[in-house]
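# Report on the structure
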Amino acid sequence: MSCFLFVGIAGIAQEVEFTEYELDNGLDVILHQDNTAPVVTVGVMYHVGAKDEEAGRSGFAHFFEHLLFEGTENIERGKWFDIVAANGGSNNANTTQDRTYYYETFPSNNLELGLWMESERMLQPVINKIGVDTQNEVVKEEKRSRIDNAPYGKIIYSTGINKYVFNKHPYKNSVIGTMEDLDAAELDEFKAFFKKYYGATNATLVVAGDIEVDETKKMISKYFAEIPAGNEVERVDIKEEPITETITATEYDSNIQIPAKLFVYRTPSMKDKDAYVLEMISSILTDGRSSRMYRKMVDEDKVALQVLAFPRSQEDYGTYVMGALALGETPLDTLATSMDEEIAKLKNELISEKEYQKLQNKFENRFVNSNSSIQGIASSLATYSVLYGDTDLINEEIEIYRDITREDIKRVANEYLNKNQRLELDYLPESAKE
(Lines give C-alpha, C1' and ligand atoms only; values in the text may rest on other atoms or scores of the structure.)
Protein backbone atom coordinates (compact mmCIF):
# COMPACT_ATOMS: atom_id res chain seq x y z
CA MET A 1 0.00 0.00 0.00
CA SER A 2 1.47 3.31 -1.06
CA CYS A 3 -0.45 5.59 1.26
CA PHE A 4 0.58 5.53 4.90
CA LEU A 5 0.08 7.60 8.01
CA PHE A 6 2.69 9.15 10.19
CA VAL A 7 2.15 11.05 13.41
CA GLY A 8 3.76 14.47 13.44
CA ILE A 9 4.33 16.68 16.44
CA ALA A 10 1.31 18.82 15.53
CA GLY A 11 -1.04 15.92 14.99
CA ILE A 12 -1.76 13.39 12.30
CA ALA A 13 -0.89 14.17 8.71
CA GLN A 14 -1.11 11.93 5.73
CA GLU A 15 1.89 11.28 3.50
CA VAL A 16 0.85 11.01 -0.14
CA GLU A 17 3.32 8.98 -2.18
CA PHE A 18 3.42 9.50 -5.91
CA THR A 19 5.43 8.72 -9.03
CA GLU A 20 6.03 11.52 -11.51
CA TYR A 21 7.49 11.24 -15.01
CA GLU A 22 7.22 12.73 -18.48
CA LEU A 23 6.36 11.13 -21.82
CA ASP A 24 8.47 11.92 -24.87
CA ASN A 25 5.76 14.28 -26.12
CA GLY A 26 6.08 16.41 -22.98
CA LEU A 27 2.99 15.15 -21.15
CA ASP A 28 3.53 15.26 -17.38
CA VAL A 29 2.22 12.15 -15.62
CA ILE A 30 1.61 11.73 -11.88
CA LEU A 31 0.54 8.39 -10.38
CA HIS A 32 -0.66 7.79 -6.82
CA GLN A 33 -1.38 4.24 -5.73
CA ASP A 34 -3.84 3.60 -2.91
CA ASN A 35 -5.45 0.16 -2.98
CA THR A 36 -7.67 0.64 0.08
CA ALA A 37 -10.85 1.13 -2.00
CA PRO A 38 -11.67 -0.05 -5.55
CA VAL A 39 -11.92 3.43 -7.11
CA VAL A 40 -9.70 5.45 -9.40
CA THR A 41 -9.70 9.08 -10.54
CA VAL A 42 -8.26 10.06 -13.92
CA GLY A 43 -7.71 13.81 -14.23
CA VAL A 44 -6.10 16.07 -16.81
CA MET A 45 -5.17 19.65 -15.98
CA TYR A 46 -4.36 21.99 -18.86
CA HIS A 47 -2.31 25.07 -18.05
CA VAL A 48 -4.80 27.44 -19.67
CA GLY A 49 -7.34 29.66 -17.99
CA ALA A 50 -9.24 32.88 -18.50
CA LYS A 51 -6.07 34.96 -18.24
CA ASP A 52 -4.73 33.39 -21.47
CA GLU A 53 -7.58 34.64 -23.64
CA GLU A 54 -7.13 37.26 -26.32
CA ALA A 55 -8.74 40.68 -25.91
CA GLY A 56 -12.28 40.60 -27.22
CA ARG A 57 -12.49 36.83 -26.81
CA SER A 58 -13.19 36.44 -23.11
CA GLY A 59 -14.76 33.22 -21.86
CA PHE A 60 -12.91 30.86 -24.22
CA ALA A 61 -11.16 28.79 -21.52
CA HIS A 62 -14.40 28.23 -19.61
CA PHE A 63 -16.26 27.57 -22.87
CA PHE A 64 -13.89 24.68 -23.60
CA GLU A 65 -14.72 23.15 -20.23
CA HIS A 66 -18.19 22.62 -21.75
CA LEU A 67 -17.27 22.11 -25.40
CA LEU A 68 -14.91 19.20 -24.79
CA PHE A 69 -17.74 17.04 -23.46
CA GLU A 70 -19.50 17.27 -26.83
CA GLY A 71 -17.81 14.24 -28.36
CA THR A 72 -14.72 13.00 -30.19
CA GLU A 73 -13.88 11.05 -33.34
CA ASN A 74 -14.79 7.86 -31.45
CA ILE A 75 -17.29 9.11 -28.87
CA GLU A 76 -20.63 9.98 -30.37
CA ARG A 77 -21.95 13.49 -29.80
CA GLY A 78 -23.87 13.76 -26.52
CA LYS A 79 -22.80 10.32 -25.29
CA TRP A 80 -19.90 11.27 -22.99
CA PHE A 81 -21.92 11.40 -19.77
CA ASP A 82 -23.90 8.29 -20.75
CA ILE A 83 -20.70 6.25 -21.16
CA VAL A 84 -19.36 7.41 -17.80
CA ALA A 85 -22.63 6.72 -15.97
CA ALA A 86 -23.13 3.32 -17.63
CA ASN A 87 -19.73 2.28 -16.28
CA GLY A 88 -20.42 3.33 -12.69
CA GLY A 89 -18.49 6.57 -12.90
CA SER A 90 -18.91 10.28 -12.34
CA ASN A 91 -17.16 13.19 -14.04
CA ASN A 92 -16.82 16.94 -14.07
CA ALA A 93 -14.62 19.85 -15.07
CA ASN A 94 -13.83 23.34 -13.80
CA THR A 95 -11.98 26.43 -14.97
CA THR A 96 -10.14 29.22 -13.16
CA GLN A 97 -8.13 32.20 -14.31
CA ASP A 98 -5.07 29.93 -14.47
CA ARG A 99 -6.06 26.39 -15.52
CA THR A 100 -8.77 24.00 -16.74
CA TYR A 101 -9.29 20.60 -15.09
CA TYR A 102 -11.26 17.58 -16.35
CA TYR A 103 -11.70 14.35 -14.38
CA GLU A 104 -13.55 11.04 -14.14
CA THR A 105 -13.88 8.77 -11.11
CA PHE A 106 -14.60 5.10 -11.90
CA PRO A 107 -14.59 1.72 -10.22
CA SER A 108 -10.94 0.77 -10.67
CA ASN A 109 -11.70 -1.97 -13.20
CA ASN A 110 -12.65 0.88 -15.59
CA LEU A 111 -9.30 2.67 -15.37
CA GLU A 112 -8.55 1.95 -19.01
CA LEU A 113 -11.85 3.50 -20.09
CA GLY A 114 -11.01 6.72 -18.23
CA LEU A 115 -7.57 6.91 -19.84
CA TRP A 116 -9.02 6.27 -23.30
CA MET A 117 -11.68 8.97 -22.87
CA GLU A 118 -9.18 11.60 -21.74
CA SER A 119 -6.80 10.68 -24.57
CA GLU A 120 -9.69 11.07 -27.02
CA ARG A 121 -10.45 14.50 -25.60
CA MET A 122 -6.81 15.57 -25.99
CA LEU A 123 -6.22 14.01 -29.42
CA GLN A 124 -9.39 14.37 -31.46
CA PRO A 125 -12.38 16.20 -30.03
CA VAL A 126 -15.04 17.16 -32.54
CA ILE A 127 -15.26 20.96 -32.60
CA ASN A 128 -18.08 21.92 -34.94
CA LYS A 129 -20.81 24.52 -35.31
CA ILE A 130 -23.59 22.49 -33.70
CA GLY A 131 -21.42 21.83 -30.62
CA VAL A 132 -20.38 25.48 -30.31
CA ASP A 133 -23.97 26.71 -30.71
CA THR A 134 -25.28 24.18 -28.16
CA GLN A 135 -22.69 25.03 -25.54
CA ASN A 136 -23.10 28.75 -26.16
CA GLU A 137 -26.67 28.42 -24.87
CA VAL A 138 -25.49 26.31 -21.91
CA VAL A 139 -22.90 28.93 -20.92
CA LYS A 140 -25.41 31.77 -21.25
CA GLU A 141 -27.78 29.93 -18.93
CA GLU A 142 -24.93 29.30 -16.47
CA LYS A 143 -24.06 33.01 -16.47
CA ARG A 144 -27.69 33.93 -15.87
CA SER A 145 -28.17 31.46 -13.02
CA ARG A 146 -24.82 31.99 -11.26
CA ILE A 147 -24.11 35.69 -11.77
CA ASP A 148 -26.91 37.77 -13.33
CA ASN A 149 -29.79 36.29 -11.33
CA ALA A 150 -27.96 35.15 -8.19
CA PRO A 151 -27.81 37.28 -5.03
CA TYR A 152 -24.28 38.70 -4.61
CA GLY A 153 -23.22 36.82 -7.78
CA LYS A 154 -20.90 39.65 -8.85
CA ILE A 155 -19.02 39.29 -5.56
CA ILE A 156 -18.88 35.50 -5.52
CA TYR A 157 -17.64 35.32 -9.13
CA SER A 158 -15.59 38.56 -8.92
CA THR A 159 -17.24 40.16 -11.96
CA GLY A 160 -18.02 43.23 -9.85
CA ILE A 161 -14.58 43.31 -8.24
CA ASN A 162 -11.62 42.40 -10.44
CA LYS A 163 -12.26 45.09 -13.05
CA TYR A 164 -11.41 47.69 -10.38
CA VAL A 165 -8.43 45.90 -8.83
CA PHE A 166 -6.57 45.03 -12.05
CA ASN A 167 -5.77 47.55 -14.79
CA LYS A 168 -3.57 45.68 -17.25
CA HIS A 169 -3.53 42.07 -16.13
CA PRO A 170 -6.21 39.87 -17.75
CA TYR A 171 -7.39 38.90 -14.27
CA LYS A 172 -9.56 41.99 -14.72
CA ASN A 173 -11.83 39.90 -16.95
CA SER A 174 -14.24 37.31 -15.59
CA VAL A 175 -13.74 33.57 -16.08
CA ILE A 176 -17.17 33.13 -17.64
CA GLY A 177 -16.49 35.97 -20.10
CA THR A 178 -19.02 38.08 -21.94
CA MET A 179 -21.72 36.66 -24.15
CA GLU A 180 -20.91 39.30 -26.80
CA ASP A 181 -17.39 37.90 -27.13
CA LEU A 182 -18.59 34.30 -27.39
CA ASP A 183 -21.34 35.22 -29.90
CA ALA A 184 -18.83 37.06 -32.07
CA ALA A 185 -16.30 34.20 -32.19
CA GLU A 186 -15.92 32.19 -35.39
CA LEU A 187 -15.61 28.39 -35.44
CA ASP A 188 -12.00 28.66 -36.63
CA GLU A 189 -11.12 30.65 -33.52
CA PHE A 190 -12.29 27.81 -31.27
CA LYS A 191 -10.23 25.33 -33.28
CA ALA A 192 -7.20 27.61 -33.04
CA PHE A 193 -7.61 27.95 -29.26
CA PHE A 194 -7.66 24.17 -28.92
CA LYS A 195 -4.57 23.80 -31.09
CA LYS A 196 -2.72 26.45 -29.12
CA TYR A 197 -3.42 25.23 -25.58
CA TYR A 198 -4.51 21.59 -25.61
CA GLY A 199 -1.27 19.87 -26.63
CA ALA A 200 0.51 17.30 -24.47
CA THR A 201 3.23 19.74 -23.33
CA ASN A 202 0.61 21.98 -21.75
CA ALA A 203 -1.13 19.15 -19.86
CA THR A 204 -0.65 17.09 -16.71
CA LEU A 205 -2.29 13.67 -16.40
CA VAL A 206 -3.02 12.41 -12.88
CA VAL A 207 -4.15 8.88 -12.03
CA ALA A 208 -4.92 8.25 -8.37
CA GLY A 209 -6.43 5.30 -6.54
CA ASP A 210 -6.61 1.54 -6.85
CA ILE A 211 -3.93 1.00 -9.51
CA GLU A 212 -0.77 -0.99 -10.16
CA VAL A 213 1.89 1.49 -11.25
CA ASP A 214 3.65 -0.57 -13.95
CA GLU A 215 0.42 -1.69 -15.54
CA THR A 216 -0.93 1.88 -15.49
CA LYS A 217 2.24 3.18 -17.15
CA LYS A 218 1.72 0.73 -20.02
CA MET A 219 -1.88 1.88 -20.51
CA ILE A 220 -0.82 5.53 -20.43
CA SER A 221 1.83 4.86 -23.05
CA LYS A 222 -0.76 3.06 -25.21
CA TYR A 223 -3.23 5.96 -25.17
CA PHE A 224 -1.12 9.10 -24.77
CA ALA A 225 2.35 8.47 -26.26
CA GLU A 226 1.26 9.18 -29.84
CA ILE A 227 -0.52 12.47 -29.04
CA PRO A 228 1.36 15.43 -30.59
CA ALA A 229 3.35 17.61 -28.21
CA GLY A 230 1.61 20.80 -29.33
CA ASN A 231 3.00 24.32 -29.06
CA GLU A 232 5.20 25.74 -26.36
CA VAL A 233 2.77 28.06 -24.60
CA GLU A 234 3.93 31.59 -23.87
CA ARG A 235 2.91 32.48 -20.35
CA VAL A 236 1.17 35.73 -19.46
CA ASP A 237 3.77 38.09 -17.98
CA ILE A 238 2.04 41.34 -17.13
CA LYS A 239 3.03 43.33 -14.06
CA GLU A 240 0.52 45.55 -12.31
CA GLU A 241 1.52 48.87 -10.77
CA PRO A 242 0.85 48.81 -7.02
CA ILE A 243 -2.43 50.36 -5.87
CA THR A 244 -1.41 53.56 -4.05
CA GLU A 245 -4.74 55.37 -3.65
CA THR A 246 -8.07 54.11 -2.38
CA ILE A 247 -10.33 53.01 -5.25
CA THR A 248 -14.02 53.64 -4.54
CA ALA A 249 -16.82 52.08 -6.52
CA THR A 250 -20.51 51.17 -6.33
CA GLU A 251 -22.12 48.07 -7.82
CA TYR A 252 -25.86 47.40 -7.99
CA ASP A 253 -27.56 44.00 -7.78
CA SER A 254 -31.25 43.53 -8.62
CA ASN A 255 -31.30 40.23 -6.69
CA ILE A 256 -30.60 41.64 -3.22
CA GLN A 257 -32.29 43.74 -0.54
CA ILE A 258 -29.40 43.90 1.94
CA PRO A 259 -26.44 46.14 1.06
CA ALA A 260 -22.82 45.13 1.72
CA LYS A 261 -19.57 46.97 2.30
CA LEU A 262 -16.46 45.35 0.87
CA PHE A 263 -12.73 45.97 1.12
CA VAL A 264 -10.66 44.31 -1.62
CA TYR A 265 -6.88 44.05 -1.57
CA ARG A 266 -4.59 42.84 -4.35
CA THR A 267 -2.28 40.17 -2.95
CA PRO A 268 0.88 38.40 -4.16
CA SER A 269 1.17 35.18 -6.18
CA MET A 270 -0.07 31.96 -4.56
CA LYS A 271 3.58 30.81 -4.48
CA ASP A 272 4.58 33.71 -2.22
CA LYS A 273 4.76 33.00 1.52
CA ASP A 274 2.77 36.17 2.22
CA ALA A 275 -0.20 34.68 0.31
CA TYR A 276 -0.28 31.90 2.91
CA VAL A 277 -0.11 34.43 5.73
CA LEU A 278 -3.05 36.33 4.22
CA GLU A 279 -5.09 33.13 4.25
CA MET A 280 -4.45 32.92 7.98
CA ILE A 281 -5.39 36.59 8.41
CA SER A 282 -8.64 35.94 6.58
CA SER A 283 -9.35 33.07 8.94
CA ILE A 284 -8.68 35.23 12.02
CA LEU A 285 -10.92 38.06 10.83
CA THR A 286 -13.84 36.43 9.10
CA ASP A 287 -13.82 32.62 9.11
CA GLY A 288 -16.79 31.37 11.09
CA ARG A 289 -18.66 32.43 14.19
CA SER A 290 -15.56 32.58 16.37
CA SER A 291 -13.75 34.97 14.00
CA ARG A 292 -12.99 38.47 15.24
CA MET A 293 -15.22 40.38 12.83
CA TYR A 294 -18.16 38.01 13.35
CA ARG A 295 -17.93 38.28 17.14
CA LYS A 296 -17.62 42.06 17.08
CA MET A 297 -19.96 43.05 14.26
CA VAL A 298 -22.62 40.34 14.39
CA ASP A 299 -22.68 39.20 18.03
CA GLU A 300 -21.62 42.23 20.08
CA ASP A 301 -22.36 45.44 18.14
CA LYS A 302 -25.18 43.95 16.05
CA VAL A 303 -24.35 46.14 13.03
CA ALA A 304 -23.89 43.27 10.57
CA LEU A 305 -26.11 40.40 9.57
CA GLN A 306 -23.11 38.43 8.31
CA VAL A 307 -19.41 38.90 7.59
CA LEU A 308 -17.77 37.51 4.46
CA ALA A 309 -14.35 36.78 3.10
CA PHE A 310 -12.96 35.42 -0.12
CA PRO A 311 -9.17 35.03 -0.11
CA ARG A 312 -8.39 34.01 -3.71
CA SER A 313 -4.93 32.66 -4.39
CA GLN A 314 -3.91 32.72 -8.04
CA GLU A 315 -0.79 32.16 -10.08
CA ASP A 316 0.22 35.78 -10.72
CA TYR A 317 -1.73 37.82 -8.17
CA GLY A 318 -4.50 37.08 -5.73
CA THR A 319 -7.28 39.11 -4.18
CA TYR A 320 -8.48 39.26 -0.61
CA VAL A 321 -12.12 40.29 -0.31
CA MET A 322 -13.57 41.02 3.10
CA GLY A 323 -16.91 42.53 3.90
CA ALA A 324 -20.13 42.61 5.84
CA LEU A 325 -23.87 42.70 5.17
CA ALA A 326 -25.64 45.55 6.94
CA LEU A 327 -28.14 44.71 9.67
CA GLY A 328 -31.30 46.80 9.46
CA GLU A 329 -30.58 50.46 8.69
CA THR A 330 -26.87 50.32 9.63
CA PRO A 331 -24.96 52.75 7.38
CA LEU A 332 -22.18 51.17 5.28
CA ASP A 333 -19.71 53.67 6.78
CA THR A 334 -20.36 52.11 10.18
CA LEU A 335 -19.40 48.68 8.78
CA ALA A 336 -16.25 50.17 7.24
CA THR A 337 -15.20 51.75 10.54
CA SER A 338 -15.78 48.51 12.39
CA MET A 339 -13.75 46.46 9.88
CA ASP A 340 -10.92 49.00 10.03
CA GLU A 341 -10.81 48.74 13.82
CA GLU A 342 -10.24 44.97 13.55
CA ILE A 343 -7.56 45.46 10.89
CA ALA A 344 -5.83 48.02 13.12
CA LYS A 345 -5.72 45.54 16.01
CA LEU A 346 -3.97 42.98 13.80
CA LYS A 347 -1.46 45.62 12.74
CA ASN A 348 -0.70 46.82 16.25
CA GLU A 349 -0.90 43.72 18.46
CA LEU A 350 0.37 40.17 18.11
CA ILE A 351 -2.44 37.62 18.21
CA SER A 352 -2.47 35.59 21.42
CA GLU A 353 -0.68 32.25 21.69
CA LYS A 354 -4.06 30.59 22.23
CA GLU A 355 -5.53 32.10 19.03
CA TYR A 356 -2.37 31.21 17.16
CA GLN A 357 -2.59 27.57 18.26
CA LYS A 358 -6.25 27.38 17.28
CA LEU A 359 -5.33 28.80 13.88
CA GLN A 360 -2.59 26.22 13.36
CA ASN A 361 -5.00 23.41 14.27
CA LYS A 362 -7.59 24.71 11.82
CA PHE A 363 -5.10 24.76 8.93
CA GLU A 364 -3.74 21.36 9.90
CA ASN A 365 -7.27 19.92 9.74
CA ARG A 366 -7.97 21.62 6.44
CA PHE A 367 -4.76 20.23 4.98
CA VAL A 368 -5.54 16.67 6.09
CA ASN A 369 -9.14 16.91 4.83
CA SER A 370 -8.11 18.17 1.39
CA ASN A 371 -6.30 14.87 0.86
CA SER A 372 -8.86 12.60 2.48
CA SER A 373 -10.43 11.41 -0.82
CA ILE A 374 -8.89 10.02 -3.99
CA GLN A 375 -10.58 12.78 -5.99
CA GLY A 376 -9.10 15.41 -3.66
CA ILE A 377 -5.62 13.91 -3.91
CA ALA A 378 -5.79 13.82 -7.72
CA SER A 379 -6.83 17.48 -7.85
CA SER A 380 -4.12 18.51 -5.34
CA LEU A 381 -1.37 16.66 -7.21
CA ALA A 382 -2.35 18.32 -10.50
CA THR A 383 -2.62 21.78 -8.92
CA TYR A 384 0.74 21.65 -7.15
CA SER A 385 2.44 20.41 -10.31
CA VAL A 386 0.84 22.83 -12.78
CA LEU A 387 0.48 26.05 -10.80
CA TYR A 388 3.22 25.78 -8.17
CA GLY A 389 5.74 23.75 -10.16
CA ASP A 390 6.29 21.62 -7.06
CA THR A 391 4.24 18.43 -6.68
CA ASP A 392 5.95 17.70 -3.33
CA LEU A 393 3.86 20.49 -1.80
CA ILE A 394 1.09 17.92 -1.40
CA ASN A 395 3.09 16.74 1.61
CA GLU A 396 5.15 19.82 2.45
CA GLU A 397 2.72 22.73 2.20
CA ILE A 398 1.62 22.25 5.79
CA GLU A 399 5.17 23.17 6.82
CA ILE A 400 4.73 26.60 5.21
CA TYR A 401 1.71 27.21 7.45
CA ARG A 402 3.50 25.82 10.50
CA ASP A 403 6.42 28.18 9.89
CA ILE A 404 4.17 31.26 9.88
CA THR A 405 4.72 33.16 13.12
CA ARG A 406 2.56 35.63 15.02
CA GLU A 407 5.08 38.27 13.93
CA ASP A 408 4.49 37.31 10.27
CA ILE A 409 0.77 37.90 10.72
CA LYS A 410 1.37 41.38 12.14
CA ARG A 411 3.95 42.22 9.44
CA VAL A 412 1.73 41.11 6.54
CA ALA A 413 -1.29 42.98 7.91
CA ASN A 414 0.85 46.13 7.94
CA GLU A 415 2.21 45.51 4.46
CA TYR A 416 -1.01 44.73 2.58
CA LEU A 417 -4.10 45.80 4.52
CA ASN A 418 -3.78 49.56 4.06
CA LYS A 419 -6.50 52.02 3.07
CA ASN A 420 -4.51 53.42 0.15
CA GLN A 421 -4.00 49.91 -1.28
CA ARG A 422 -7.58 48.78 -1.61
CA LEU A 423 -10.91 48.95 -3.35
CA GLU A 424 -13.77 50.13 -1.14
CA LEU A 425 -16.96 48.84 -2.70
CA ASP A 426 -20.55 49.70 -1.84
CA TYR A 427 -22.69 46.79 -3.04
CA LEU A 428 -26.28 47.98 -3.19
CA PRO A 429 -29.74 46.80 -4.19
CA GLU A 430 -30.86 48.06 -7.63
CA SER A 431 -33.61 50.01 -5.86
CA ALA A 432 -30.96 52.22 -4.20
CA LYS A 433 -30.41 53.97 -7.56
CA GLU A 434 -33.74 55.76 -7.23
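Criteria and thresholds
Residues numbered from 1 in each chain as written. Predicted model: local features only at pLDDT ≥ 70, side-chain atom pairs only at ≥ 80, totals over all residues. Heavy atoms only, no water. Helix = DSSP H or I, 4+ residues; strand = E, 2+ residues; numbered from the N terminus. Rg over C-alpha atoms; globule rule 2.2 N^0.38 Å. Buried < 20%, exposed > 50% of the residue type's maximum accessible area, 1.4 Å probe, protein only. 1 Å grid on protein atoms, 1.4 Å probe; cavity = no way out; pocket = protein on both sides within 12 Å on 5 of 7 lines; lining within 4 Å. Points joined across faces, edges and corners; volume = space filled by probe spheres on them. Nonpolar A, V, L, I, M, F, W, Y, C, P; charged D, E, K, R; others polar. Phe/Tyr/Trp six-rings, centres within 6.5 Å; stacked < 30°, edge-to-face > 60°. Pairing = 2+ DSSP bridges. Axes fitted to C-alpha atoms, helices over the stretch in contact; angles between N-to-C directions. Parallel < 35°, antiparallel > 145°, perpendicular 65-115°, else oblique. Contact = heavy atoms within 4.5 Å. Lys, Arg positive; Asp, Glu negative; His and termini not counted. Salt bridge = Lys/Arg side-chain N within 4 Å of Asp/Glu carboxyl O.

Bringing the overall build of the protein into the picture now. The helix and strand tally for the protein stands at 16 helices and 13 strands. In terms of C-alpha radius of gyration, the protein reaches 23 Å, essentially the compact-globule figure of 22 Å for 434 residues. Seen through its C-alpha atoms, the protein measures out along the principal axes to roughly 65 × 55 × 40 Å. Residues classed as buried in the protein amount to 54% of the 434 residues present.

Further remarks concern the layout of surface pockets. Roughly 1100 Å³ of volume is contained in the largest pocket. Forming the boundary of the largest pocket are 40 residues, of which Thr96, Arg99, Met270, Arg312 and Ser313 lie nearest the centre. Within the residue set of the lining of the largest pocket, elements represented by two or more residues are α1 (60–67), β6 (90–95), α4 (129–148), α10 (273–286), β11 (304–312), α13 (353–370), α14 (374–388) and α15 (393–403). When residues of the lining of the largest pocket are assigned to their parent elements, the largest contribution, six residues, is made by α14. For the lining of the largest pocket, the residue count by class is 14 nonpolar, 17 polar and nine charged.

Okay, the packing of aromatic side chains next. Summed over all chains, the structure comprises 23 aromatic pairs. Note on Phe60 and Phe190: the rings are 4.6 Å apart at their centroids and 5 degrees apart in plane angle, and the pair reads as stacked. With Phe60 in helix α1 and Phe190 in helix α8 (residues 187–197), the pair connects residues that are 130 residues apart, well separated along the chain. Assessed through its relative accessible area of 3%, Phe60 is described here as buried.

Here we have six strands laid out as an open sheet, ordered β3-β4-β8-β5-β7-β6, and mixed in their pairing. The open sheet is flanked by β3 (19–22) and β6, the only strands paired with a single partner. Between one strand and the next, the sheet's axes are offset by a mean angle of 15 degrees, whatever the strand orientation. Where strand β5 (residues 39–46) and strand β8 (residues 203–209) come together, seven bridges link them in antiparallel fashion. Bridged to Val42 within β8 is Val207.

Let us look at the sheet that holds strand β9 (residues 247–253). If you trace the five strands from one edge of the open sheet to the other, you get β9-β13-β10-β12-β11, paired in mixed fashion. Strands at the two margins of the open sheet, each flanked by one partner only, are β9 and β11. Ignoring strand direction, the axes of neighbouring strands in this sheet form an average angle of 20 degrees. Here strand β10 (residues 260–267) pairs with strand β12 (residues 318–326) via eight bridges, running antiparallel. Within β12, the residue paired with Lys261 across the bridge is Ala324.

This part takes up the packing of α13 against α15. One can describe the packing of α13 onto α15 by two numbers: an axis separation of 10 Å at closest approach and a directional angle of 170 degrees. Viewed along their axes, α13 and α15 adopt a mutual orientation that is roughly antiparallel. Between α13, through Tyr356, Gln360, Phe363, Glu364, Arg366 and Phe367, and α15, the contact on the second element is made entirely by Leu393, Ile394, Asn395, Glu397, Ile398, Tyr401 and Arg402.

Quick look at the pairing of β5 now. The buried fraction of β5 is high, at seven of eight residues. Pairing of β5 with strand β7 (residues 100–107), which is carried by eight bridges, proceeds in the antiparallel orientation. The partner of Gly43 across the bridge, within β7, is Tyr103.

Here Glu397 shows up in helix α15. Among buried Asp, Glu, Lys and Arg side chains, Glu397 stands out as unpaired, with Arg366 the closest opposite charge at 7.5 Å.

What follows is about empty space enclosed by the protein. Where empty space is left in the structure can be found by rolling a water-sized probe over the atoms. Summed over all chains, the structure comprises one cavity of 30 Å³ or more. Each pocket or cavity is described by its volume, and for the largest cavity that value is around 70 Å³. What lines the largest cavity is simply Thr267, Pro268, Ala275, Leu278, Glu279, Pro311, Arg312, Ser313, Gly318, Thr319 and Tyr320. Of all the secondary structure elements, the ones that give two or more residues to the lining of the largest cavity are α10, β11 and β12. Each residue belonging to the lining of the largest cavity can be placed in one class, and the counts come to five nonpolar, four polar and two charged.

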